[in-house]
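Coordinate analysis (summary)
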Amino acid sequence: MPGQRRILVIGATGTVGRQVVAQLLEAGAEVRALARDLEAAGLPDSVEVVRGDLADPDTLHVPLSGVEAVFLLWPFATAEGMPAVLDVVAAHARRVIYLSSAAARGHEQQVEQLIERSGLEWTFLRPHAFATNALRWAGQIRTEAVVREPYGAAAMPPLHERDLAAVAVHALVDDGHNGAIYELTGPEILTRAEQASIIGEVIGRPVRWEETSPQTARQQMLAQGWPSAAVDGILQAQAEMVTEPRATTATVGEITGAPARTFRTWVTDHAGEFRDTMKAARIHEYGDASVIRYEEVSRPASGPGEVLIRVAGTSFNPSETALRSGMLRAVLPVDLPYILGWDVSGTIAEVGDDVEGLAVGDRVIGRLDAGGAAAEYVAAPAGMLAKAPVTVPLADAAAIPVAALTAWQVLFEQAHITAGQRVLINGAGGGVGLFAVQLAKYAGATVIATASGRSAAAVRTYGADHIIDYTTTALADALDGPVDAVVNLAPIFPEAAVSLVSLLRPGGVIASVATPVEPAADADVTALHMVARNDAKQLGEIVGLLDVGALIVDVAESLPLSDLALVHRRSEAGQTHGKIIILPLNESTSAPGTQASEEGESS
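In this text the structure is predicted, and so the values were computed from the model without any measurement.

The next subject is the pairing of strand β24 (residues 504–512). Pairing of strand β23 (residues 483–488) with β24, which is carried by five bridges, proceeds in the parallel orientation. Residue pairing for β24: Ala-485 is matched across the bridge by Val-509. Following the chain from β23 across helix α17 (residues 494–499) to the adjacent parallel β24, one finds a crossover that is right-handed. Sheet topology places β24 next to strand β25 (residues 525–529); five bridges connect them, and they run parallel. Of the residues in β25, the one forming a bridge with Gly-508 is Val-525.

The following block contains the structure:
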């Protein structure tokens with residue numbers, strides 16, 4: 001059965017590889033992925049990501065241990081090194097599915113021959129033109145609704161990457177494919193100009209094809225960093241397809257039992273890449289939750305020092321209800337209309353000038369002081385961002401920035417929590433509190449936490465040594481002595497805030513991120529009130545703690561962006577608890593990256 005098979009995916013972070021991983025998981029297989037950089041893999045939690053490098057075959061023994069079948073993408077332009085890799089593969093697995101191409105270039109032919117002689121069961125996948133090649137036009141279409149390229153009459157049957165992955169999965173988990181060579185295409189022959197027209201029909205904005213010379217296209221591709229051999233090969237293939245269109249095959253349907261997806265279907269799946277608009281939740285005036293509009297707005301572009309993020313998730317912060325209502329306008333004025341959302345997690349789609357250390361495809365999180373994350377895309381200063389944790393689903397990682405930075409700063413910069421201290425965290429059941437409990441425990445403190453009955457279990461899970469249900473028990477009666485520090489996270493009345501002072505030892509500290517505390521003039525305590533700030537370095541340290549298992553993220557629920565007004569209403573009615581993730585559900589779910597060549601070179 002597929003669920004009993006362990007499969008190694010080599011090339012799991014590419015456009016096709018991610019689809020193979022996703023469909024293997026759906027098929028019930030046990031999936032392992034090879035990666036040189038574990039932190040950058042960004043794969044689902046159920047995938048075992050193992051470090052290994054095809055350029056160093058000795059590193060492959062551990063990833064291949066217990067593996068039955070291998071999906072192999074060979075990323076090099078030569079077959080050199082393949083014999084040593086195949087020796088390791090054959091020592092562990094019995095089957096290899098190799099992603100070749102219809103072009104069958106010299107090195108691909110050599111790889112196929114080596115696999116045939118390896119003694120392994122094998123299947124070769126030879127895709128023709130990928131539909132994803134059209135993503136190279138996205139920038140032109142968004143800004144001008146035009147495609148300027150040569151060979152608009154070149155005709156081919158574009159292949160959806162999901163169909164390629166579906167055939168690969170059948171070959172990986174089912175018998176009967178040994179020795180097969182599958183030529184894979186989409187179901188229809190379309191010229192490149194016709195593809196551009198279909199994109200326009202799907203996005204509701206006519207797209208014009210403007211023919212340019214091959215020489216101009218060559219210069220542009222070389223300027224973008226394409227290898228000259230690849231550029232020449234692409235242009236030659238396009239020229240040939242003007243007079244000799246590539247034929248379709250029925251292989252996808254024969255193997256999977258479902259017809260190959262049309263190019264229109266592919267465009268629908270990726271429509272967000274081509275639109276110059278996006279969905280967002282914004283306010284045009286201050287008021288109650290009804291002022292939040294879920295509407296179509298202009299898609300931003302990355303300016304100097306900025307990146308454009310395809311939003312995976314934002315997180316609801318109760319303080320945003322105060323911003324929306326106008327209560328914060330004196331201290332936090334915003335220009336209306338204003339897109340909500342301070343927390344962001346997502347994938348970089350564009351990189352502006354003067355940005356270093358970040359690239360298209362990187363998964364990031366950040367706190368956005370100017371908001372804007374309650375949308376499908378947001379432009380953000382690169383300096384505000386940190387790489388996303390690999391141990392947390394990307395959308396859920398939006399729960400981290402505001403809450404974790406607030407907890408970090410109140411504990412370590414204000415209260416100066418150290419090992420051996422006793423700290424009372426008042427309001428530990430909220431989003432900030434759950435990080436504060438974990439960070440205080442990580443620092444070696446004894447943590448006493450207040451929480452309601454509905455939050456107590458979560459607070460206990462995160463390491464609180466003692467939990468006081470403030471709805472039934474007075475704090476002074478529940479404590480077995482004074483504490484070194486009180487961290488107040490709850491919006492309590494001033495008199496209640498003052499009462500917390502009596503719980504401190506002489507010389508103790510009370511730090512509040514909510515109600516300011518004003519102790520008596522003769523009180524031997526330090527009282528501090530703080531407003532959290534952005535700090536990408538601290539955020540990176542927090543991500544590091546998450547990835548080594550010192551912290552975990554708790555998400556109470558996830559809701560679509562269109563329900564943001566409902567979340568505001570529920571919060572103001574006291575009907576929410578924990579972190580709520582808001583999902584933009586943007587139409588394009590595939591990660592951006594280097595796209596395939598016209599003859600199916602995998603990205």
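Following the structure, the description resumes.
A few words on empty space enclosed by the protein. According to the stated counting rule, one finds three cavities of 30 Å³ or more in the structure shown. Computed from the structure, the largest cavity encloses a volume of approximately 70 Å³. Lining the largest cavity, in full, are Ala-399, Gly-431, Leu-434, Phe-435, Gln-438, Tyr-462, Ile-552, Val-553, Asp-554, Gly-578 and Lys-579. Classifying every residue of the lining of the largest cavity gives six nonpolar, three polar and two charged.

We now examine the pattern of salt bridges. All told, the structure shown has 34 salt bridges when counted by the stated rule. For Glu-240, the salt bridge identified is with Arg-246, shortest N-O distance 3.6 Å. Residue class for Arg-246 comes out buried when judged on its relative accessible area of 17%. Among the charged side chains, a salt-bridge network with shared partners connects Arg-5, Glu-68, Arg-94, Arg-95, Glu-121 and Asp-175.

So, about the packing of helix α3 (residues 82–92) against helix α4 (residues 106–116). Packing of α3 against α4 brings their axes to within 10 Å, and their N-to-C directions diverge by 35°. Remark: the crossing between α3 and α4 carries right-handed chirality. Taking contact as the criterion, the partners of Met-82, Pro-83 and Leu-86 in α3 are, on α4, Val-111, Leu-114 and Ile-115. The class makeup of the residues in the contact of α3 with α4 is six nonpolar, no polar and no charged.

What counts, and where the lines are drawn
Residues numbered from 1 in each chain as written. Predicted model: local features only at pLDDT ≥ 70, side-chain atom pairs only at ≥ 80, totals over all residues. Heavy atoms only, no water. Pairing = 2+ DSSP bridges. Helix = DSSP H or I, 4+ residues; strand = E, 2+ residues; numbered from the N terminus. Right-handed = clockwise from strand over helix to strand, strands pointing away. 1 Å grid on protein atoms, 1.4 Å probe; cavity = no way out; pocket = protein on both sides within 12 Å on 5 of 7 lines; lining within 4 Å. Points joined across faces, edges and corners; volume = space filled by probe spheres on them. Nonpolar A, V, L, I, M, F, W, Y, C, P; charged D, E, K, R; others polar. Salt bridge = Lys/Arg side-chain N within 4 Å of Asp/Glu carboxyl O. Buried < 20%, exposed > 50% of the residue type's maximum accessible area, 1.4 Å probe, protein only. Axes fitted to C-alpha atoms, helices over the stretch in contact; angles between N-to-C directions. Left-handed = near helix turned anticlockwise from the far one by under 90°. Contact = heavy atoms within 4.5 Å.

Distances and angles like these do not, on their own, reveal function.
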